[in-house]
Amino acid sequence: MYRYDSIDRQIVNERVAQYRSQILRNLNGTLSDDELKPLRLQNGLYIQRHGPMLRIAIPYGLLSAGQLRKLADISRRYDRSYGHFTTRQNMQLNWPKFEETPEILGELATVEMHAIQTSGNCIRNITTDKFAGVAPDELTDPRPYCEILRQWSTFHPEFAFLPRKFKIAVNAATEDRAVIRTHDVGLELVRAESGEIGVRVFAGGGMGRTPVIGKVVRDFLPRKHLLTYLDALIRVYNRYGRRDNLYKARIKILVNALGVEEFARQVEEEWTFLKDGPATLTDAEFARVAAHFTPPPYEPLPDNDPSFATAQAENKAFAAWAKRSVHPHRIPGYAAVTLSLKAPGSPPGDISDTQMEAVADLADRFSFGELRVTHEQNVVLADVRQRDLFEVWGIARAHGLATANIGLLTDMICCPGGDLCSLANARSVPIALAVQEKFDNLDYLHDLGEISLNISGCMNSCGHHHVANIGVLGVDKNNEEWYQITVGGQQGNAATIGKVIGPSFSAEEVPDVVEALVSVYLEQRTPEERFIDTFQRLGIEPFKERAYRGRDRRKPAASEEGAAHD
Amino acid sequence: MTRIIKNGSIVDDAWTILKLAEGETPESAALPEQNAIVPLPVWQARKDELVSRGQPVGVWLDSHEGPEAIAADLQHFTLIAVNFPKFADGRGFSTARLLRERYGYTGELRAIGDVLQDQLHFMKRCGFDAYAVRADKNIEAALAGLKDFSESYQAAVDQPQPLFRRRTA
Ligand code: SF4
């Protein structure tokens, strides 16, 4: 993974000092709360329902074992001994003390971490494929691109105060696991006919109140032009994006207003002035960064380790776990492993200090000392020998990290919601827990197969409900919590926004509605079909009909939109 | 006399910013005797008059007014100011870079409006060399904002070479 040189280190240390001074000035009254707000947000510090929340950056989800141990240590000393992984592959601490946040950032800096631009109207943490570098379907490793973008976006002087937040994701695989088309900018690494690797640029995707799938603004951009082109694109947004209405300020609104062709034309025009300028990426720089991501010293191994097959044959529980949690690897004899943070009874994405230490130990022993945080809020060990899988499973199980539900209904993406987040319209974690409780039978879940259920506490859509097969969105009606259900969304190459099925439900109804929806699938599916396939074949009607059967809707469907921040 | 930060130190400011009052038109507004920083509409309406006074001319752009509007007139200006109506309005950063990098403006480039310590680093990088720090703030303290960072990754006006072209191999 990328290691800081003295300059990277100095920049992060200077950031800690700057932030410390901002907090001090606020405490001594020379920097007002309003003035501090955008500054602290650019350091990931929110003031939430119960106090501050600190969002720590995990660039493109990659962590070393040492970094995770430090996070465990910080969570113990400055918080309540747990952290929460987010859909942007970051970690949130929910109970830090305001005055101690500079100390936390100081601690993070010692392990080459920070909280830079994890919030605020600036370029946010770059995200990518959780299987980057090991996926068999990958064209090239996206991580050097991500790191180059991280450096370019860190304190970008022109783009620190954009109209709104700006999210970039990178995908280099055949299957898009980074949901790039729901990002402000999605970058797909592609190979031109000439063999040259470059980037297909999507823009204007996003979730929030107005979900939009991103559109291609440039089909092929040679690698060396990546930064100058993005400078041009974001400059057009910075200058012409709307600033008069919070809900209309994302780039998707500008792209839609201009039309994608006109937007692309303006970017190209701006780019002619920047193209081939000093910010043109050099091969030397690409090579310098890429050298940090060279493959670890893999052992030469046979394709399939016989002990793995034997263990599966002998142990049903292990086999069930392996089926969900073990993923193909481009190197023979190796596998990527997902550790589930979706155990029954625990909020999705939460990880305790002891679990963090257990994962760090697993990474050190079995996966070259590194791990990844996924946007589905789980953890991946990317480089495990097949022959070690049984042992990894045993250790993971002892720490509650081996629930065999990856990709299944209870592998829910869920935002912190109304229990913690001050923007929320409704709580989301209790919904997740109630669904887990109702669907606690693993055999049933395995039979149900792949299905995604995502929950957001408000239109901000941190829980990515729009791209879930079943999406749950908290809405506020007369100060009551209600839940709007969408069906038919999906991530990946065929990213689709789910459709609202009708009037919203009370919290108690949600698990039953989920059951009603999946029962339609169970009755109607063909042997090959996943939930989403059956949905696409049948359309929304049978699902809608079943969801409302026997339910007396007291409240009308109209104007269901919550008053949330987008 | 008000004080501003200019070229890294605190100096007295001899200029007067003209703001159109309610009901005042660009044509009718009274011009300050000398050292006037006029709003763009006044410049556009009274170019000849301003130039013929034989005095240094300053103009200020509001955050929605792009540099294109004055790109052809740059030789007339001793000073260009860019207004930040709220410090969260970041359009002025692009305006500044365009004036310096695209249109080659070399005179004083001043940030006015909601100008606070923690933006100065970004402003400097984008080509500002003068900062009218908001009047209620301690300008001496704000000066520290120019020194928060000793290195930057990106190419910008103050350092046209990105870090990756300068890292010692
Ligand atoms: S979706 Fe809404 S409630 Fe949930 S974390 Fe985001 S802002 Fe908070």
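Quantities reported herein were computed from a predicted structural model and do not represent experimental measurements.

### With respect to the overall build of chain B
Of regular secondary structure, chain B possesses five helices and eight strands. Along its sequence from the N terminus, chain B presents helices and strands in the succession β-β-β-β-α-α-β-β-α-β-α-β-α. Taking 15 Å as the expected radius of gyration for a compact globule of 169 residues, we find that chain B reaches 16 Å, a close match to that expectation. Across the 169 residues that make up chain B, the buried fraction comes to 55%. A separation of at least 24 residues holds for 47% of the contacts in chain B among residues at least 6 apart in sequence. Only carbon and sulfur atoms are counted for the fraction: they give 49% of the accessible area of chain B, which is about 7,300 Å². In chain B, the 20 positive side-chain charges and the 23 negative ones have mean positions that sit 8 Å from each other.

### Comments concerning the environment of Ile-431 of chain A
Residues and elements named next belong to chain A. Relative to the elements of secondary structure, Ile-431 occurs in helix 14 (residues 429-438). For Ile-431, a relative accessible area of 3% puts it in the buried group. Sequence separation between Ile-431 and Pro-511 is 80 residues, and the spatial gap between their C-alpha atoms is 7.7 Å. If we ignore the near neighbours within four places in the chain, the residues touching Ile-431 are Ile-455, Val-472, Tyr-483, Ala-507 and Val-510.

### Details of the interface of chain B and chain A
Accessible area lost when the parts come together is the quantity often used to give the size of an interface. Taken together, the contacts link 39 residues of chain B with 47 residues of chain A. Buried area between chain B and chain A, summed over both chains or domains, comes out near 3,600 Å², and the portion from carbon and sulfur atoms is 55%. On the chain B side of the contact with chain A, Tyr-153, Phe-164 and Arg-167 of chain B bury the most area, a combined 20% of that side's loss. Viewed at the interface, chain A and chain B are joined by nine salt bridges. In this structure, the salt-bridge partner of Arg-167 of chain B is Asp-8 of chain A, at a minimum N-O distance of 3.2 Å. Summed over the shared surface of chain B and chain A, the number is 25 residue pairs in polar contact (both at pLDDT 80 or more). Contributions of two or more residues to the side of chain B that touches chain A are made by helix 3 (91-102) and helix 4 (120-125) of chain B. The biggest single contributor to the side of chain B that touches chain A is helix 3 of chain B, with seven residues. Grouping the amino acids of the side of chain B that touches chain A by side-chain chemistry returns 16 nonpolar, nine polar and 14 charged.

### What about the site of the ligand?
Every residue near the ligand is listed here: Cys-415, Pro-416, Gly-417, Cys-421, Leu-423, Ala-424, Gly-457, Cys-458, Asn-460, Ser-461 and Cys-462 of chain A. Within the shell around the ligand, the residues separate by chemical class into seven nonpolar, four polar and no charged.

### Points about the sheet that holds strand 2 (residues 9-12) of chain B
Whether parallel or antiparallel, the strands of a sheet pair through hydrogen bonds between backbone atoms. Residues and elements named next belong to chain B. Taken in spatial order, the eight strands line up as 2-1-8-7-6-5-4-3 in an open sheet, and their pairing is mixed. Two strands close off the open sheet at either side, each with one partner strand: strand 2 and strand 3 (16-17). Bridge analysis of strand 4 (residues 36-39) against strand 5 (residues 57-61) gives three bridges, and the strand direction is parallel. When the sheet's bridge partners are listed, Val-38 is paired in strand 5 with Val-59. This element, helix 3, spans strand 5, strand 6 (77-84) and strand 7 (108-113) of the sheet and lies at about 160 degrees to strand 6.

### Let's talk about the side chain of Gln-117 of chain A
Residues and elements named next belong to chain A. Positionally, Gln-117 belongs in the loop between helix 4 (101-110) and strand 6 (127-128). Judged by its relative accessible area of 6%, Gln-117 falls in the buried class. Only 2.8 Å separates the side chain of Gln-117 from the backbone nitrogen of Phe-155, close enough to count as a polar contact. Those residues in contact with Gln-117 that sit more than four places away from it in its chain are Gln-42, Cys-122, Ile-123, Arg-124, Asn-125, Ser-153, Thr-154, Phe-155 and His-156.

### Quick word on helix 17 (residues 531-538) of chain A
Residues and elements named next belong to chain A. Among all positions in helix 17, only Phe-531, Ile-532, Thr-534 and Phe-535 are buried. For helix 17, the angular spread of the buried residues around the axis is 160 degrees, confining them to a single face. On the buried face of helix 17, the contacting elements are strand 18 (470-477), strand 19 (480-487), helix 16 (510-524) and helix 18 (541-548). Where helix 17 ends, the next residue or the one after it, Gly-539, has phi of about 80 degrees, a positive value.

### A few points about the packing of helix 6 (residues 226-240) of chain A against helix 8 (residues 260-274) of chain A
A pair of packed helices can be characterised by two numbers: the angle between their axes and the separation between those axes. Residues and elements named next belong to chain A. As a packed pair, helix 6 and helix 8 sit with axes 8 Å apart at the nearest point and diverge in direction by 120 degrees. The angle between helix 6 and helix 8 places the two elements in the oblique class. Crossing handedness for the pair helix 6 and helix 8: right-handed. The residues of helix 8 that touch helix 6, namely those facing Thr-228, Tyr-229, Asp-231, Ala-232, Leu-233, Arg-235, Val-236 and Tyr-240, are Phe-263, Gln-266, Val-267, Glu-268, Glu-270, Trp-271 and Leu-274. Its residues assigned to classes, the contact of helix 6 with helix 8 shows nine nonpolar, two polar and four charged.

### Regarding the environment of Glu-285 of chain A
Residues and elements named next belong to chain A. Looking at where Glu-285 falls in the secondary structure, it is placed in helix 9 (residues 283-290). Residue classification places Glu-285 among the buried residues on the basis of a relative accessible area of 5%. Separated by 137 residues in the primary sequence, Glu-285 and Ile-148 place their C-alpha atoms 8.6 Å from one another. A polar atom in the side chain of Glu-285 sits 2.9 Å from the side chain of Arg-288.

### A closer look at the domain arrangement of chain A
Residue and element names in this part refer to chain A. What the domain assignment lists for chain A is domain 1 (6-109), domain 2 (127-293), domain 3 (306-398) and domain 4 (416-565). Computed over C-alpha atoms, the centres of domain 2 and domain 3 are 32 Å apart. Each side of the interface is counted separately: domain 2 has 10 residues, and domain 3 has 14 residues. For domain 2, the biggest contributors to the area lost against domain 3 are Lys-130, Phe-131 and Val-134; these three give 61% of the whole. One can count one salt bridge joining domain 2 with domain 3. The shortest N-O distance in the salt bridge between Lys-130 and Glu-376 comes to 3.2 Å. Across the domain 2-domain 3 interface, the total number found is six residue pairs in polar contact (both at pLDDT 80 or more).

### As for the pairing of strand 2 (residues 51-56) of chain A
Residues and elements named next belong to chain A. Most of strand 2 sits inside the fold, with six of its six residues counted as buried. Looking at chain direction, strand 1 (residues 45-48) and strand 2 are connected through four bridges and run antiparallel. Across the sheet, Gln-48 pairs through a bridge with Gly-51, a residue of strand 2. Between strand 1 and strand 2, which pair antiparallel and follow one another directly, the connecting turn spans two residues. Bridge analysis of strand 2 against strand 5 (residues 91-93) gives three bridges, and the strand direction is antiparallel. Residue Arg-55 lies in a different strand from strand 5, and its bridge partner there is Gln-92.

What counts and how
Residues numbered from 1 in each chain as written. Chains lettered and ligands numbered in written order. Predicted model: local features only at pLDDT ≥ 70, side-chain atom pairs only at ≥ 80, totals over all residues. Heavy atoms only, no water. Helix = DSSP H or I, 4+ residues; strand = E, 2+ residues; numbered from the N terminus. Rg over C-alpha atoms; globule rule 2.2 N^0.38 Å. Buried < 20%, exposed > 50% of the residue type's maximum accessible area, 1.4 Å probe, protein only. Contact = heavy atoms within 4.5 Å. Areas by Shrake-Rupley, 256 points an atom, 1.4 Å probe, with all protein chains shown as cover. Lys, Arg positive; Asp, Glu negative; His and termini not counted. Charge placed at Lys NZ, Arg CZ, Asp CG, Glu CD. Buried area = accessible area lost by both parts, 1.4 Å probe. Salt bridge = Lys/Arg side-chain N within 4 Å of Asp/Glu carboxyl O. Polar contact = N/O pair within 3.5 Å; in protein donor to acceptor, adjacent residues only side chain to side chain. Nonpolar A, V, L, I, M, F, W, Y, C, P; charged D, E, K, R; others polar. Near = heavy atom within 4 Å. Pairing = 2+ DSSP bridges. Axes fitted to C-alpha atoms, helices over the stretch in contact; angles between N-to-C directions. Arc of directions from axis to C-beta. Parallel < 35°, antiparallel > 145°, perpendicular 65-115°, else oblique. Left-handed = near helix turned anticlockwise from the far one by under 90°. Domains from an automatic or database assignment.

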